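# Structural overview
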Amino acid sequence: MPPTLASLLHHSALRLTVRAGGDRLDVPVRWVHASELADPVPYMEGGELLLITALKLDAEDPEAMRRYVKRLVGAGVVGLGFAVGVNYAEIPKALVEAAEHEGLPLLEVPCRTPFLAISKAVSAAIAADQYRAVTAGFAAQRELTRQALSDGPEGLLAALASQVDGWAALYDASGAVVATAPEWAGRRAARLTADVERLRERPAPASAVVGAGADGGGEDQDRVELHSLGTGRRPRAALAVGTAAALGTAERYALHSAIALLTLTTERSRSLQAAEQRIGAAVLRMLLAGEPDHARAVAGGLYGELLDAPFRIVVAESASPPVGQGAPAGTVGAVSRPTAGGLVAADTNGDPLGGLAECLESAAARAGEAVLVVPEGERLVVLAVDGGAAEAACGEFAAAVEGARAEASGSASGGSSSVGSRDEDELVVGMSGPAGPIAAAAAYKQAEQALSVARRRGRVLVGHEQLAAGSVVPLLADDAVRAFADGLLRPLNEHDATGRGDLVASLRAWLSRHGQWDAAAADLGVHRHTLRYRMRRVEEILGRSLDDPDVRMELWLALKTTAAVGE
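Residues numbered from 1 in each chain as written. Predicted model: local features only at pLDDT ≥ 70, side-chain atom pairs only at ≥ 80, totals over all residues. Heavy atoms only, no water.

### Re the pairing of strand E12 (residues 371–376)
We count it as follows: Each pair of strands is called paired provided DSSP finds at least two bridges between the two strands. Only DSSP runs of H or I with at least four residues qualify as helices, and only runs of E with at least two residues qualify as strands; both kinds are numbered from the N terminus onward.
As defined by bridge partners, E12 adjoins strand E13 (residues 379–385) across six bridges and the pair is classed as antiparallel. Bridge assignment links valine 371 to a residue of E13, and that residue is alanine 384. Counting the residues that bridge the hairpin from E12 to E13 gives two residues, and of these glycine 377 lies at a positive phi of roughly 65°.

Next comes the structure, spelled out in structure tokens:
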């Protein structure tokens, strides 16, 4: 502990005596300062023991002493030392009464005790306290390191909580609680998810002091420090430490050691990341080449369990280049932040593929399942456990992006906002059906087909199971298809424009009735012979036979395409 007035009184060499404020001697002394100024307050910082001889003070004037002592107390002076036998044989009664009234400890300094001796004693005590703190910090560092090596992050958190006499919690990049110590701190840590997410938005390294007692309970009114963990642009994790009071020097050393160790634990080296990505890319290439046995041998313990159960292949694309590869600095993707399940699908920083990869990896890590993520330029390929956490996170991420796009579109249409949808920046994702290593190539093709449909439909995510759902008409929303339809039907439209008959409407009615003359004629309100004549004119103008099923199919799709455009 730092030196206090009580410890100075117990210092046998100083021979100090208490004359006032004897009930406030346990206050810490930050420093000792000697001043004979009538008003030394401008030079005080608070926490000082002020030493005087009253050379320029009228120490016998009660009113002057009350003003003097009151200003000292207001400046945070913790004690006043008066040297007797210099200007006054004893401490004047006016000063003693003023100190008693204001509650300021007043110490009598005998003539044979120089002020320098008091300064040295306080300085030595402060140095000893700092040395003890440093020594305790090194001891804490050794213990934290031992726990990290033997029990991982959980052991480290337990040791840290013991060192700071409080609780500690570790969060992943999404803001979800990974571990707490002691276990009862889980509920308090969960309340801080929003604060962790805000911390994640700030440049690393970042820290914040918050409160966990949002429900008004006195026992939950902790002082909580949040610290980001990681060395990259995005924090990979966060640490929360809750205590009843501000951390001391030794506790601060322990906290900083824990931050360093957890950073080493959670932040994989760039070379290791690159090596794992190369292994993942090799496994993927072997699976797609129809070599599942070789892929399993290369995957080993890193991705081997992923190949032991059905998996899904996810293919994602975005025209936005990853950050650092052409994306403007500071660009932020318009993605919302859902918090269900700890998912964070926000702040992609112009790199939606990176945000998706981080989301899936975090979800898989929390669930303890393997996931293979292979970045390929503006494409991301993922192998995820069928029905697992990564697959669910992919759906939640896509829903978040869909919601953000809808909100941005509404803002843009509702006013003069410049917020809008930029097709070149939009994320599209295709997901295959469940497959095994032998069928990986087919699953990859399914994912690519779903990706193409997602792009055509303007959706973020389409699963292969959804390809047969709904109508085929939205798939025709393509410039080439529309051009074909316009060209095929142009002669009929030109004929109708001259007022010589409604061939297009008649053709649509006849095709919709599967060539049934009476039903189609009834729909049009004409005689069936009139309808027969019109269909012969269609054949003559187009130079095609309506008896050919391919011709009927092309005409029907052309009619549906132009109708969709008209709508």
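### A few points about the packing of aromatic side chains
Worth spelling out the cut-off: Between 30 and 60 degrees the pair is tilted, below 30 it is stacked and above 60 it is edge-to-face, where a pair is any two Phe, Tyr or Trp rings, Trp via its six-membered ring, whose centres lie within 6.5 Å. Categorising residues by exposure relies on relative accessible area from a 1.4 Å probe, with only protein chains included: less than 20% of the type maximum marks a residue as buried, more than 50% marks it as exposed, and the intermediate range marks it as partly exposed.
Evaluation of the coordinates by the stated rule reveals two aromatic pairs. Each ring, one from phenylalanine 82 and one from tyrosine 88, has its centre 6.1 Å from the other, and the planes form 55°; the classification is tilted. This pair shows no difference in class: phenylalanine 82 is buried, exactly as tyrosine 88 is. With a centroid separation of 5.4 Å and an interplanar angle of 40°, the aromatic rings of tryptophan 510 and tryptophan 517 are classed as tilted. Of the residues examined, tryptophan 510 reaches a relative accessible area of 7% and is grouped as buried.

### Thoughts on the pattern of salt bridges
Filter applied, for reference: Think of a salt bridge as a Lys or Arg side-chain nitrogen and an Asp or Glu carboxyl oxygen that are within 4 Å of each other.
Summed over all chains, the structure comprises 24 salt bridges. Residue aspartate 39 pairs with arginine 71 through a salt bridge whose shortest N-O separation is 3.0 Å. Of this pair, aspartate 39 sits in the loop between strand E2 (31–34) and strand E3 (48–52) while arginine 71 sits in helix H2 (residues 62–74), placing them 32 residues apart in sequence. Note that arginine 132 is salt-bridged to aspartate 129, the shortest N-O span being 3.6 Å. Highlighted residues: arginine 132 and aspartate 129, both in helix H4 (residues 115–164), separated by three residues, approximately one helical turn. The class of aspartate 129 is buried, set by a relative accessible area of 17%. Taken together, the salt bridges that share partners define one network made up of Arg312, Asp386, Glu391 and Glu465.

### Quick look at the sheet that holds strand E7 (residues 177–181)
Note the following rule: Axis lines are fitted through C-alpha atoms, for helices just across the contact stretch, and the angle between N-to-C directions can take any value from 0 to 180 degrees. Working rule for contacts: check all heavy atoms of both residues, and any pair within 4.5 Å makes them a contact.
If you trace the five strands from one edge of the open sheet to the other, you get E7-E6-E10-E9-E8, paired in antiparallel fashion. With one partner strand each, in any of the chains shown, E7 and strand E8 (207–211) form the two edges of the open sheet. Geometrically, the sheet is characterised by an average inter-axis angle of 20° between neighbouring strands, direction not taken into account. The strands touched by H4 are strand E6 (167–172), E7 and strand E10 (237–243); relative to E6, the strand with the most contacts, the crossing angle is about 145°. Its contacts with the sheet place helix H6 (residues 193–200) against E6, E8, strand E9 (223–229) and E10, and it is angled at close to 40° to E9.

Keep in mind that these numbers describe shape and distance, not what the molecule does.
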